[in-house]
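Observations on chain architecture
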Amino acid sequence: AQSVAQPEDQVNVAEGNPLTVKCTYSVSGNPYLFWYVQYPNRGLQFLLKYITGDNLVKGSYGFEAEFNKSQTSFHLKKPSALVSDSALYFCAVRDYRRDDKIIFGKGTRLHILP
Amino acid sequence: DAGVTQSPTHLIKTRGQQVTLRCSPKSGHDTVSWYQQALGQGPQFIFQYYEEEERQRGNFPDRFSGHQFPNYSSELNVNALWLGDSALYLCASSLTVRNQPQHFGDGTRLSIL
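Please read these numbers as outputs of a predicted model, since none were measured by experiment.

**A word on the pattern of salt bridges**
Inspection of every chain in the model, using the stated rule, returns eight salt bridges over all chains. Put simply, A:Glu64 and A:Lys58 hold a salt bridge, and the shortest N to O gap is 2.9 Å. Look at A:Glu64 and you get buried, because its relative accessible area is 18%. Notably, a salt bridge pairs B:Glu54 with B:Arg57, separated by 3.0 Å at the nearest N-O pair. Classification of B:Glu54 as partly exposed rests on a relative accessible area of 36%.

**Quick word on the side chain of B:Gln68**
Residue and element names in this part refer to chain B. Here Gln68 is to be found in strand S7 (residues 64-68). You can call Gln68 buried: its relative accessible area is 1%. Separated by 3.4 Å, the side chain of Gln68 and the backbone nitrogen of Tyr50 make a polar contact. For Gln68, the side chain forms a polar contact with the main-chain nitrogen of Glu52, separated by 3.0 Å. In this structure Gln68 touches Asp30, Val32, Tyr49, Tyr50, Glu51, Glu52, Glu53, Ser73 and Ser74, once residues within four positions along its chain are discounted.

**With respect to the nonpolar core**
A:Leu19, A:Trp35, A:Leu47, A:Leu48, A:Phe74, A:Leu76 and A:Tyr89 are the most contacted members of the largest nonpolar core, which totals 27 residues. Among the elements of the structure, strand S2 (10-14), strand S3 (19-21), strand S5 (32-38), strand S6 (44-50), strand S8 (64-68), strand S9 (73-78), strand S10 (87-94) and strand S12 (108-113) of chain A are those that each provide at least two residues to this core. Of the residues forming this core, the biggest block, four residues, is contributed by S10(A). Those residues in contact with A:Leu76 that lie beyond four places of it in its chain are A:Leu19, A:Thr20, A:Val21, A:Trp35, A:Leu47, A:Leu48, A:Phe63, A:Glu64, A:Ala65 and A:Tyr89. Within the second largest apolar cluster, 19 residues are counted, among which are B:Cys23, B:Phe64, B:Ala87 and B:Ile112.

**Points about the state of the cysteines**
All names here are of chain A. Applying the stated criterion to the full structure yields two disulfides over all chains. Put simply, Cys23 and Cys91 are joined by a disulfide, and their sulfur atoms are 2.0 Å apart. Classification of the bridge connecting Cys23 and Cys91 rests on its S-S torsion, roughly -65°, and on that basis the disulfide is left-handed. Of this pair, Cys23 sits in the loop between S3 and strand S4 (24-26) while Cys91 sits in strand S10, and the two are 68 residues apart along the sequence. No difference in accessibility class separates Cys23 from Cys91, as the two residues are buried.

**Re the interface of chain A and chain B**
At the junction of the two partners, chain A supplies 21 residues and chain B supplies 21 residues. Of the roughly 1800 Å² buried between chain A and chain B, counting both surfaces, carbon and sulfur atoms make up 49%. Summed over the shared surface of chain A and chain B, the number is one salt bridge. With a closest N to O distance of 3.0 Å, A:Arg42 and B:Asp106 form a salt bridge. Where chain A packs against chain B, one counts four residue pairs in polar contact (both at pLDDT 80 or more).

Rules behind the numbers
- Residues numbered from 1 in each chain as written.
- Chains lettered and ligands numbered in written order.
- Predicted model: local features only at pLDDT ≥ 70, side-chain atom pairs only at ≥ 80, totals over all residues.
- Heavy atoms only, no water.
- Salt bridge = Lys/Arg side-chain N within 4 Å of Asp/Glu carboxyl O.
- Buried < 20%, exposed > 50% of the residue type's maximum accessible area, 1.4 Å probe, protein only.
- Helix = DSSP H or I, 4+ residues; strand = E, 2+ residues; numbered from the N terminus.
- Polar contact = N/O pair within 3.5 Å; in protein donor to acceptor, adjacent residues only side chain to side chain.
- Contact = heavy atoms within 4.5 Å.
- Core = buried A, V, L, I, M, F, W, Y, C linked by side-chain atoms within 4.5 Å.
- Disulfide = S-S within 2.5 Å.
- Buried area = accessible area lost by both parts, 1.4 Å probe.

Here is the structure:
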């Protein structure tokens, strides 16, 4: 069965430092991968996606993610963190060759320390 | 251009009651999905509607049902509510093309007493 793992419940980073939020996935075929961000009392906002092509994907607000097929990972990164990046981040996978459902990870809370 | 809108924003019900949540998709979108997000968890897929039919369904009991109207708006109905149904219910809309991201509403916070 397809699944998504976000191994860290919380990540703390000092403002200005690079950040990484980890995600690994398990699907039977070729996945579509997404990152979303959720602010308090709000829905999820789309950040970026990997469909095919270049393994480094650039998205909104300076975020990027690196697709690694051999490690089945899709880690979210940003070169320089801002306090306003503090939020809940979700990785999601869509196995379009199987049942086409979208599975979300449990989320990682990112704290950017001033 | 309005995004995804959900109503109501908050709702309080008691055990055994029934509830209807509503969603209007982003303009131009034809597919609506519903998710349940319990506190501290990621969204769990309930079902997806396209062309007024349920296309996909997650592991939710038949107490959860839905509908999509010709204007692509959608309703989520939950019968026989119990405490475990307390959650944030999110609606997401998208184009039916599979590589497109979903756009989420801000959700309906449902509390069961």
